[in-house]
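An overview of the molecular structure
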Amino acid sequence: MRGFLVIGNKATTSPFSLKNIPGAGRMDILCRCISQAIFLSHSIRKSLEVYLLLLGDPNPPIVVKIKSDEVRRMSPDERSIAGLIRKALKFKAGEGWTETNSGIFISKKGLRGLLEDLSNSYHIYYMREDGEDIRKISYKMENPLFVLGDHVGVKKEDEKIILRFAEDIVSVSKLSLMAEQCITIANYELDRTSMNIQNTLLNYSKK
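Residues numbered from 1 in each chain as written. Predicted model: local features only at pLDDT ≥ 70, side-chain atom pairs only at ≥ 80, totals over all residues. Heavy atoms only, no water.

**Comments concerning the pattern of salt bridges**
Applying the stated criterion across every chain, the model contains eleven salt bridges. The salt bridge involving R32 is made with D28; its shortest N-O contact spans 3.2 Å. Taken together, the residues span about one helical turn, with R32 and D28 both in helix α1 (residues 27–38) at a distance of four residues. A salt bridge links E70 to K67; its shortest N-O distance comes to 3.3 Å. Look at E70 and you get partly exposed, because its relative accessible area is 31%. (Salt bridge = Lys/Arg side-chain N within 4 Å of Asp/Glu carboxyl O. Helix = DSSP H or I, 4+ residues; strand = E, 2+ residues; numbered from the N terminus. Buried < 20%, exposed > 50% of the residue type's maximum accessible area, 1.4 Å probe, protein only.)

Right, dumping it as structure tokens:
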């Protein structure tokens, strides 16, 4: 299993207009993060989850969860993804997970509570420019979940919470990249490591 948690510092927590997706607290960024996380060419990745922590007005915090193995009727374009998030925000969020569409869930959780839950299933990594090069440690990442911010970044008070749960701080570049670019590179590095391991095992079995 692989996961990404993106903090939407200003992302709206109420239904929004699809005519102005960026105006909904830069919901467009979160949509692109979902697209880069789960979509392949003509297919969807297996065993991957995306969590969006929405912290904007009027009713923060709200978490939207997307499970790649279960999601249906989603296309990789922003409008399609935004439409499903908008639909999810029409549901009343409680402490548990409410399914709003196939593979899409909503919950009333804050960062601390969410990370407490996720730490039971994932090894958590915080993505930051000054972290350890992901290529150097990707071989030992088992069930990783990466936490990263949107265009605003991660607030100091949120970073303190993340660091209590994170096993390491990792970097995909020393440059400040867009959130969706970080996700693309992280997927690439983990795919690359997985393929190298498979090839090594295959070559060993032939000896």
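**Structural notes on the sheet that holds strand β10 (residues 168–171)**
Overall, mixed pairing links the eight strands, which are arranged β6-β7-β5-β4-β1-β9-β8-β10 in an open sheet. Of all strands in the sheet, those bounded by a partner on one side alone are β6 (98–101) and β10. For this sheet, the mean angle separating the axes of adjacent strands, direction not counted, is 30°. Bridge analysis of strand β8 (residues 123–133) against β10 gives five bridges, and the strand direction is parallel. Bridged to Y126 within β10 is I169. Across the sheet, helix α3 (residues 111–118) lies against β1 (2–8), β4 (48–54), β5 (62–67), β8 and β9 (144–149), angled at about 180° from β1, the strand it touches most. (Pairing = 2+ DSSP bridges. Axes fitted to C-alpha atoms, helices over the stretch in contact; angles between N-to-C directions. Contact = heavy atoms within 4.5 Å.)

**A few points about the packing of aromatic side chains**
The tally for this structure, following the rule as stated, stands at three aromatic pairs. A network of ring pairs unites the aromatic residues F4, Y125 and F146 as a single cluster. It is K65 that lies over the ring of W97; its NZ or CZ is 4.3 Å from the centre. K65 extends its terminal NZ or CZ atom over the ring of F105, reaching a point 5.0 Å from the ring centre. (Phe/Tyr/Trp six-rings, centres within 6.5 Å; stacked < 30°, edge-to-face > 60°. Lys NZ or Arg CZ within 6 Å of the ring centre and 35° of its normal.)

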